[in-house]
Amino acid sequence: MKILKAFKNLPVNRYIDMAILLFLLVFPFCSSTYWIYVMSGIMAYIIFALSLDLLWGYTGLMSMGHSLLFGAGGYMIGIACSYINKADWVEYEKLTWFLSPLSSEVGAFIMALLLPALISFIIGFFMFSGKIQGVFFSLITLALSGVAELFVINQSKYTHGNSGITVISRTLISDSKADRMDDFTFYFVILLFLVLAYAVCMLIVHSRVGKVLQAVRENESRLTFFGYKPSAFKMLIYTVSGAMAGLAGVLYVRTQGSVNSTAVGINLATLVLVWVAVGGRGNLTGAMVGTLVLQIAETVLNSVFSGISADFAQYWKLVLGIIILVIVFVIPKGIVGTVIDIQQKARDQKRKDAILSKEE
Amino acid sequence: MSDERKVLLEVKNLSVEFNGFKAFTEVNMKIYDGELRVIIGPNGAGKTTFMDLVTGKTTPTSGKVIFDGVDITGKSTTEITRDYHIGRKFQGPNVFDNMTVKENIEIAMEGYNSMHRCVFFRKSKEFKEKVEEILKLIDLYDYRHFMASDLSHGQRQWLEIGMVVAQNPKLIILDEPTAGMTADETYKTGEMIKKLKGDHTLIVVEHDMDFVRQVAEYVTVLNYGRLLAEGTMEEIQNNEEVIAVYLKED
């Protein structure tokens with residue numbers, strides 16, 4: 001009974017979470033291999049969007065260059081794979097000292113999580129102890145993502161420049177073709193990571209740390225008068241978010257079977273902002289809904305319109321732009337944010353009535 | 001008689017200048033443990049500057065702030081709050097808007113503000129009881145699940161008072177706690193503040209003279225960054241200088 005009551009009192013977005021999970025669980029049993037492959041990529045993107053939601057939705061740090069961390073994870077796998085399998089463009093004999101963990105498969109996986117975390121920790125350290133806030137944080141992260149894109153193209157010795165790196169797909173850690181899973185199995189591996197990532201997010205968000213992060217978003221200067229050091233909390237969440245974005249990068253690269261400079265670029269950084277903004281910030285569900293809806297829409301529309309016009313991909317950006325404008329004007333809180341608002345209002349009204357009737 | 005009491009906060013020759021503008025000049029003041037001190041003064045008298053100086057938001061040009069026997073001049077806000085237990089309520093209600101009333105109080109609770117305390121935090125029974133007690137003190141228990149942004153102005157003021165109490169500070173500084181309140185709410189706030197006296201030392205900055213009469217025992221008057229007068233409410237009301245600069249409209 002108690003469980004049933006707690007279930008009834010859940011905020012509406014938790015039902016949506018369960019629905020999404022159920023959908024993702026059933027999805028591969030009734031779709032084609034192509035769609036299983038597409039959905040695997042989308043799930044990796046969802047993990048990426050969740051990591052941004054922790055940072056932007058909950059802490060109020062709008063990172064406009066989050067793809068930097070996504071790509072850093074992806075490229076670790078890429079470089080390791082090209083080195084271990086001796087790709088034909090690889091001319092170097094040994095990896096430089098700081099890339100040396102990449103010579104083992106497990107080392108590469110760990111590096112792919114640690115390097116993004118380290119990058120975000122260092123960026124966070126300088127920005128937050130330097131009291132850089134608001135739009136300046138956004139602009140600096142945006143610039144860093146742009147710089148990273150050029151850096152990756154220029155360092156062609158390791159990154160193969162513009163062409164990118166081909167990676168053994170549908171494995172988790174191994175870099176040998178023999179260990180490839182089929183699409184169906186790999187889908188569930190990614191789903192498992194998605195569930196884990198979601199659980200970690202829920203744990204953080206509902207912990208005291210999560211509440212402090214929300215307080216940072218609401219009123220950072222007030223928090224110092226309660227004896228908190230907001231910069232430490234911001235650094236912590238930026239680091240966690242970085243590692244999670246790195247994980248998303250690994251999984252995405254393993255689905256696609258390749259990694260190139262777009263993975264760190266401004267393009268992807270903007271896309272993930274749009275997913276989170278359309279879905280709704282600061283409730284985790286929004287990040288998932290936004291990514292699912294927009295990515296599925298892109299895939300479907302792409303196949304519909306590719307017969308009419310070959311360069312639909314470019315028009316899609318235009319459509320996307322219009323969608324963002326409409327969403328921002330009509331429902332600034334995003335799809336899920338608006339739904340939660342409606343429920344909150346109804347519950348508030350009920351409570352107000354209860355208080356009034358008590359006073360009478 | 002006043003010399004026998006323990007001095008909690010003492011400022012010595014405290015001055016601060018902003019680009020040549022003397023906001024605060026050579027002020028000496030003693031606040032005793034457990035007292036409720038009201039500070040009044042016209043606009044620009046240096047009331048907010050005084051609070052900024054004590055809480056470390058502004059660093060004084062010269063002079064000292066001594067709290068509980070320790071020199072805290074020039075220490076950071078975080079340090080002063082955490083290590084020396086000075087709590088401050090701001091002028092406008094300054095709360096965490098998109099969080100519930102209960103969450104607001106929980107964030108403010110004393111002793112859980114360091115990183116590892118937050119990471120290994122478990123809601124104990126005592127913690128819950130303390131939160132409930134404060135919610136009842138500020139009369140917002142029924143409103144605990146509301147977002148702070150959905151409260152009325154007066155309720156938001158109470159919420160912030162509750163948050164400051166949750167810090168369990170030795171010294172509570174309240175900056176115009178009744179600003180924008182109805183007469184009823186103002187009276188209720190006065191009773192709330194009287195309840196806090198004894199457990200805490202309070203400094204209250206106010207404009208509303210009815211409210212000052214309701215709560216005040218000992219009053220300090222500031223004018224143009226200088227100490228104009230100090231005394232009981234009665235003495236102040238009969239002080240010619242004070243009447244000339246401040247109380248004339250009454």
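Quick caveat, the model's predicted, so the values are computed rather than measured.

Focus: the overall build of chain A
1) Next: Counting secondary structure elements, chain A contains 14 helices and two strands.
2) Next: Relative to the compact-globule value of 21 Å for 360 residues, chain A shows a C-alpha radius of gyration of 22 Å, a close match.
3) Next: The principal-axis extents of the C-alpha atoms in chain A amount to approximately 85 × 50 × 45 Å.
4) Next: For chain A, the proportion of its 360 residues judged to be buried stands at 45%.

Side note on the overall build of chain B
1) Next: In terms of regular secondary structure, chain B is built from ten helices and ten strands.
2) Next: C-alpha extents for chain B along the principal axes are approximately 55 × 40 × 40 Å.
3) Next: Within chain B, buried positions represent 43% of all 250 residues.

Some thoughts on the packing of helix H4 (residues 67-84) of chain A against helix H5 (residues 105-129) of chain A
All names here are of chain A.
1) Next: H5 packs onto H4 with a crossing angle of 150° between their chain directions and a minimal axis gap of 8 Å. By the criterion of interaxial angle, the relationship of H4 to H5 is roughly antiparallel. Both H4 and H5 take part in a crossing whose hand is right-handed. Of the residues in H5, those touching H4 at Leu69, Ala72, Gly73, Met76, Ile77, Ala80 and Ile84 are Glu105, Ala108, Met111, Ala112, Leu113, Leu115, Pro116, Ile119 and Ser120.

Section: the sheet that holds strand E4 (residues 62-67) of chain B
Backbone-to-backbone hydrogen bonds pair the strands of a sheet. The strands run either parallel or antiparallel.
All names here are of chain B.
1) Next: The strand order across the open sheet built from four strands is E2-E1-E4-E5, with neighbouring strands paired in antiparallel fashion. Edge positions in the sheet fall to strand E2 (21-32) and strand E5 (70-71), since each of these pairs with one other strand and no more.
2) Next: When E4 meets E5, the two strands line up antiparallel, connected through two bridges. By the bridge assignment, Ile66 is partnered in E5 with Asp71.

Focus on the interface of chain B and chain A
1) Next: Each partner contributes to the interface: chain B provides 26 residues, whereas chain A provides 20 residues.
2) Next: Sorting the residues of the side of chain B that touches chain A by element identifies helix H2 (77-84), helix H3 (101-108) and helix H4 (115-119) of chain B as the ones contributing at least two each.
3) Next: Split by residue class, the side of chain B that touches chain A holds ten nonpolar, nine polar and seven charged.

Let's talk about the confidence of the model for chain B
1) Next: Per-residue confidence for chain B averages 87 on the pLDDT scale, and 97% of its residues sit at or above 70.
2) Next: In the predicted assembly, ipTM is 0.87 and pTM is 0.89.

Re the packing of helix H5 (residues 125-137) of chain B against helix H6 (residues 153-166) of chain B
All names here are of chain B.
1) Next: Following both chains from N to C, one finds H5 and H6 inclined at 145°, their axes separated by 9 Å at the closest point. Helix-helix and strand crossings are classified by hand; for H5 and H6 the assignment is right-handed. When H5 is examined against H6, the residues Ile134, Leu135 and Leu137 are found in contact with a partner set consisting of Gly162, Val165 and Ala166.
2) Next: Per-class residue counts for the contact of H5 with H6 are five nonpolar, one polar and no charged.

Examining the sheet that holds strand E8 (residues 201-205) of chain B
Residues and elements named next belong to chain B.
1) Next: Strands sit in the order E6-E7-E8-E3-E9-E10 across an open sheet of six strands; the sheet is mixed. Looking at the sheet topology across the chains shown, the edges are occupied by strand E6 (86-89) and strand E10 (226-232). The mean angle between the axes of side-by-side strands here comes to 20°, regardless of whether they run parallel or antiparallel.
2) Next: Along the sheet, helix H1 (residues 47-54) makes contact with strand E3 (36-40), E6, strand E7 (171-175), E8 and strand E9 (218-223), crossing E7 at roughly 150°.
3) Next: Its contacts with the sheet put H6 on E6 and E7, and the angle it makes with E6 is roughly 175°.

Details of unusual backbone geometry
Both trends apply: most residues other than glycine have a negative phi, and most peptide bonds are in trans.
Residue and element names in this part refer to chain B.
1) Next: Of note, the phi angle at Glu26 is positive, near 45°, even though the residue is not glycine.
2) Next: In this structure, Tyr224 takes a positive phi of about 45° despite not being glycine.
3) Next: Tracing the sequence through the fold places Tyr224 in the loop between E9 and E10.
4) Next: The class for Tyr224 is partly exposed, based on 15 C-beta atoms found within 10 Å.

Regarding the nonpolar core
1) Next: In terms of nonpolar packing, the biggest core is built from 171 residues, with Ile47, Ala49, Leu50, Met76 and Ala248 of chain A touching the most fellow members.
2) Next: Non-local contacts of Ile47 of chain A, meaning those with residues more than four positions away in its chain, are made with Phe193, Leu194, Ala197, Met244, Leu247, Ala248 and Leu251 of chain A.

A few points about H3 of chain B
1) Next: Here H3 of chain B lies mainly inside the structure; seven of its eight residues are buried.
2) Next: Of all the residues in H3 of chain B, the buried ones are Val101, Glu103, Asn104, Ile105, Glu106, Ile107 and Ala108 of chain B.
3) Next: Buried residues along H3 of chain B sit against helix H9 (208-224) of chain A together with H5 and H6 of chain B.

Digging into the pairing of E8 of chain B
Residue and element names in this part refer to chain B.
1) Next: Counting buried positions along E8 yields five of five residues, so the element is predominantly enclosed.
2) Next: Neither face of E8 is left uncovered, since the one carrying Thr201, Ile203 and Val205 and the one carrying Leu202 and Val204 both have all their residues buried.
3) Next: Summarising the sheet, E3 and E8 pair through four bridges and their orientation is parallel. From the neighbouring strand, Leu36 faces E8, where its bridge partner is Leu202.
4) Next: Examined bridge by bridge, E7 and E8 share five bridges and lie parallel to one another. Residue pairing across strands places Asp175 opposite Val205, the latter belonging to E8.

Some remarks on helix H7 (residues 183-196) of chain B
All names here are of chain B.
1) Next: Along its 14 residues, H7 runs 20 Å from first to last C-alpha, staying within 8% of the 20 Å computed at 1.5 Å per residue.
2) Next: Buried residues of H7: Thr186, Thr189, Gly190 and Ile193, and no others. On an axial view of H7, the arc spanned by its buried residues comes to 105°, and they lie on one face. Of the residues in H7, the exposed ones pointing more than 90 degrees away from the buried face are Asp184, Glu191 and Lys195.
3) Next: Once H7 finishes, Gly198 follows within two positions and takes phi at roughly 100°, a positive value.

Quick look at the pairing of E2 of chain B
All names here are of chain B.
1) Next: Bridge count between strand E1 (residues 7-18) and E2: eight bridges; the pairing is antiparallel. Looking at E2, one finds that Val7 is bridged to Tyr32.
2) Next: Hairpin geometry of E1 and E2 is characterised by an intervening segment of two residues between the two adjacent antiparallel strands and by a positive phi of about 50° at Asn19.

Focus: the environment of Ile173 of chain A
Residues and elements named next belong to chain A.
1) Next: With respect to the helices, strands and loops of the structure, Ile173 is situated in the loop between strand E1 (165-166) and helix H8 (183-206).
2) Next: Counting along the chain gives 121 residues from Ile173 to Leu294, while the straight-line C-alpha distance between them is 29 Å.
3) Next: Ile173 has contacts with Glu105, Val106 and Phe109, leaving out every residue within four places of it along the chain.

The rules behind these values
- Residues numbered from 1 in each chain as written.
- Chains lettered and ligands numbered in written order.
- Predicted model: local features only at pLDDT ≥ 70, side-chain atom pairs only at ≥ 80, totals over all residues.
- Helix = DSSP H or I, 4+ residues; strand = E, 2+ residues; numbered from the N terminus.
- Rg over C-alpha atoms; globule rule 2.2 N^0.38 Å.
- Buried ≥ 20, exposed ≤ 12 C-beta atoms within 10 Å, placed from the backbone.
- Axes fitted to C-alpha atoms, helices over the stretch in contact; angles between N-to-C directions.
- Parallel < 35°, antiparallel > 145°, perpendicular 65-115°, else oblique.
- Left-handed = near helix turned anticlockwise from the far one by under 90°.
- Contact = placed C-beta atoms within 7 Å.
- Pairing = 2+ DSSP bridges.
- Nonpolar A, V, L, I, M, F, W, Y, C, P; charged D, E, K, R; others polar.
- pLDDT = per-residue confidence, 0-100.
- Core = buried A, V, L, I, M, F, W, Y, C linked by C-beta atoms within 7 Å.
- Expected span 1.5 Å × (residues − 1).
- Arc of directions from axis to C-beta.

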